[in-house]
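# Structural overview for review
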Amino acid sequence: MIRGTQKLYNFVIAVVLFKISAYNKNVILKHKNSNKNVRSEPVERFILKKLLEWKNSPYRKPLILKGVRQVGKTWILKEFGRRCYENTAYFNFDENEEYKQFFETTKDVDRILQNLMLASGQKILPEKTLIIFDEVQDCPKVINAMKYFCENAPQYHIACAGSLLGIALAKPSSFPVGKVNFMQIDPMTFSEFLLANGDENLAAYLEQVDTIEPIPDAFFNPLYEKLKMYYVTGGMPEPVLMWTEARDVSAMQEALSGIIGAYERDFAKHPNLSEFPKISMIWKSIPSQLARENKKFIYKVVKEGARAREYEDALQWLVDARLVHKVYRSSAPGLPIAAYDDLSAFKIYLVDVGLLRRLAQLAPTAFGEGNRLFTEFKGALTENFVLQTLVTQFE
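Residues numbered from 1 in each chain as written. Predicted model: local features only at pLDDT ≥ 70, side-chain atom pairs only at ≥ 80, totals over all residues. Heavy atoms only, no water.

## What to know about the overall build of the chain
Stated formally: Think of it this way: any DSSP run of H or I at least four residues long counts as a helix, any run of E at least two long counts as a strand, and we number them from the N terminus. Classification of residues uses two cut-offs on accessible area relative to the type maximum, computed with a 1.4 Å probe and protein chains only: under 20% is buried, over 50% is exposed, and between them is partly exposed. It only takes one pair of heavy atoms within 4.5 Å for two residues to be counted as in contact. All accessibility values rest on the Shrake-Rupley procedure with a 1.4 Å probe; residue burial counts only the protein chains present in the view.
Summing up its helical and strand segments, the chain has 18 helices and 7 strands in all. Expressed as a percentage of its 395 residues, the buried residues of the chain come to 51%. Sequence-distant contacts, at least 24 apart, represent 75% of the contacts inside the chain between residues at least 6 apart. Carbon and sulfur atoms form 51% of the exposed surface of the chain, whose accessible area is close to 18,400 Å².

Have a look at this one:
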């Protein structure tokens, strides 16, 4: 390890990363008392605490859980139901399209629930059942029905999820404004990765760091190695599981490739098919954009002669899908920050550092090449990692 870089990495590790969630302590302590050998998904997700707060809130409304494809939306809702309710009633509108009809013929929530129970054989009890409506992105009637559940049947606990919900909710259609709660689930944080990897002691150490000072080598050295591995796997649950459970690098690589492939197939779902190649070109240009000395996103890197007006709709689709984060340059360090945004200059980051590494075709063997993962592409992976970490903190 190069000691000359320790202050920089200490700062990233101690300030940006490991104190992002003040509520992590309860989750970490709970995990210590659990049996880590009986899990089908990477241990704890800190969003479980937010879901419990939603359940207990006197102002609770039907919940819409947003998140990119394969980030763990369905699993987290089912796990939440298993832990905090007597039973869970799960309805997938992609697997059972006939369920959509129940929302098209009536707005009476009692009739809707009665039809769902009869059709599925599942029991639904007020306050005691978590009702999960999954894959609702193409079901505007289901989303709009949340208004009537909120107004006429608040005793039922309902959570909706679906891929590309950001796109669906951006469409100019009927939407229950003010009648739903929103929650965002992002890729696993580094602290969650440590717990999944069985490094509870490192996660607990990071939880108690509250000052900027050198990290003792006994903690710094293993954290340095674990952070490099996090750059390789990223925070998407399946690749993390392939590494933490099986130590299977090939399976981890295939999982990342599969996720990227699924995202790229989603590009074709843009209502204007002419935008599909533009979305794809922007997506594939992100590693190159971050690796350049440019201080902002440049459309000419996407395609020679490209102009903003030709590609801005395609870029906005990626932003709405939350596959990328768009960050404007700040013209001054003032508050509120948004008031000083330079709307003419921005940078684009990927939703996950592991996906960025895979998209850039940087081999996992870079893990064993000193600090290459921190410096390759002019530090693009580290820059994306810091953004990814800050997003979960300030949402």
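## Concerning the packing of aromatic side chains
Note the following rule: Ring pairs shown here join Phe, Tyr and Trp side chains whose ring centres sit within 6.5 Å, with only the six-membered ring taken for Trp; geometry is labelled stacked below 30 degrees between planes, edge-to-face above 60, and tilted in between.
Summed over all chains, the structure comprises 26 aromatic pairs. Ring plane angle 70° and centroid distance 5.7 Å describe the contact between Phe93 and Phe103, whose orientation is recorded as edge-to-face. Taken as a pair, Phe93 in the loop between β2 (87-92) and α5 (101-104) and Phe103 in helix α5 lie far apart in primary sequence, 10 residues in all. Taken individually, Phe93 and Phe103 each receive the classification buried, so the pair is uniform in this respect.

## Some thoughts on the layout of surface pockets
Going by this rule: Put plainly, a pocket is an open set of points on a 1 Å grid over the protein atoms alone with protein on both sides within 12 Å along at least five of seven lines, a cavity is a set where a 1.4 Å probe fits but cannot get out, and a lining residue has an atom within 4 Å of a point. Grid points are joined across faces, edges and corners, and a volume is the space filled by probe spheres set on the points. Ten residue types, Ala, Val, Leu, Ile, Met, Phe, Trp, Tyr, Cys and Pro, are classed as nonpolar, four, Asp, Glu, Lys and Arg, as charged, and the remainder, Gly among them, as polar.
In this structure, the largest pocket occupies an estimated 400 Å³ of space. For the lining of the largest pocket, the secondary structure elements donating two or more residues are β6 (324-330), β7 (341-350) and α18 (372-394). Of all the elements, β6 adds the most residues to the lining of the largest pocket, at 5 residues. Class assignment of the residues belonging to the lining of the largest pocket gives a composition of 8 nonpolar, 1 polar and 4 charged.

## A closer look at the side chain of Thr129
Our working rule: Contacts described as polar in this section are N or O atom pairs within 3.5 Å, which, within protein, must combine one atom able to donate a hydrogen with one able to accept it, while residues neighboring in sequence count only if both atoms come from side chains.
Relative to the elements of secondary structure, Thr129 occurs in strand β3 (residues 129-134). A polar contact is formed between the side chain of Thr129 and the side chain of Asn87, at a distance of 2.7 Å. At 2.8 Å, the side chain of Thr129 and the backbone nitrogen of Leu125 are in polar contact. Beyond its immediate chain neighbours, meaning those up to four positions away, Thr129 contacts Tyr85, Asn87, Thr88, Ala89, Lys123, Ile124 and His157.

## Thoughts on the sheet that holds β3
Formally: When DSSP finds at least two bridges between two strands, those strands are taken to pair. Only the stretch in contact is used when fitting a helix axis, every axis being a line fitted to C-alpha atoms; angles between N-to-C directions are given from 0 to 180 degrees.
Read from one edge of the open sheet, 5 strands run β2-β3-β4-β1-β5, paired in parallel fashion. Edge positions in the open sheet fall to β2 and β5 (181-184), since each of these has one partner strand only. This sheet shows a mean twist of 20° between the axes of neighbouring strands, independent of strand direction. As judged from the 4 bridges shared by strand β1 (residues 63-66) and β5, these two strands associate in the parallel manner. If you follow Ile64 over to β5, its bridge partner there is Phe182. Contacting β1, β3 and β4 (157-161), helix α7 (residues 140-152) runs over the sheet at an angle of about 160° to β4.

## Side note on unusual backbone geometry
Here Leu335 and Pro336 are connected by a cis peptide whose omega angle stands at -5°. Tracing the chain through its elements places Pro336 in the loop between β6 and β7. Positioned with a positive phi, Glu127 is a non-glycine residue whose angle comes to about 70°. Positionally, Glu127 belongs in the loop between α6 (109-120) and β3.

## Quick look at empty space enclosed by the protein
Applying the stated rule across the entire model yields 3 cavities of 30 Å³ or more. Approximately 40 Å³ is the volume found for the second largest cavity. Forming the boundary of the second largest cavity are Gln289, Leu290, Asn294, Lys296, Phe297, Lys347 and Ile348. The set of elements that each furnish at least two residues to the lining of the second largest cavity consists of α14 (276-291) and β7. Taken together, the residues of the lining of the second largest cavity break down into 3 nonpolar, 2 polar and 2 charged.

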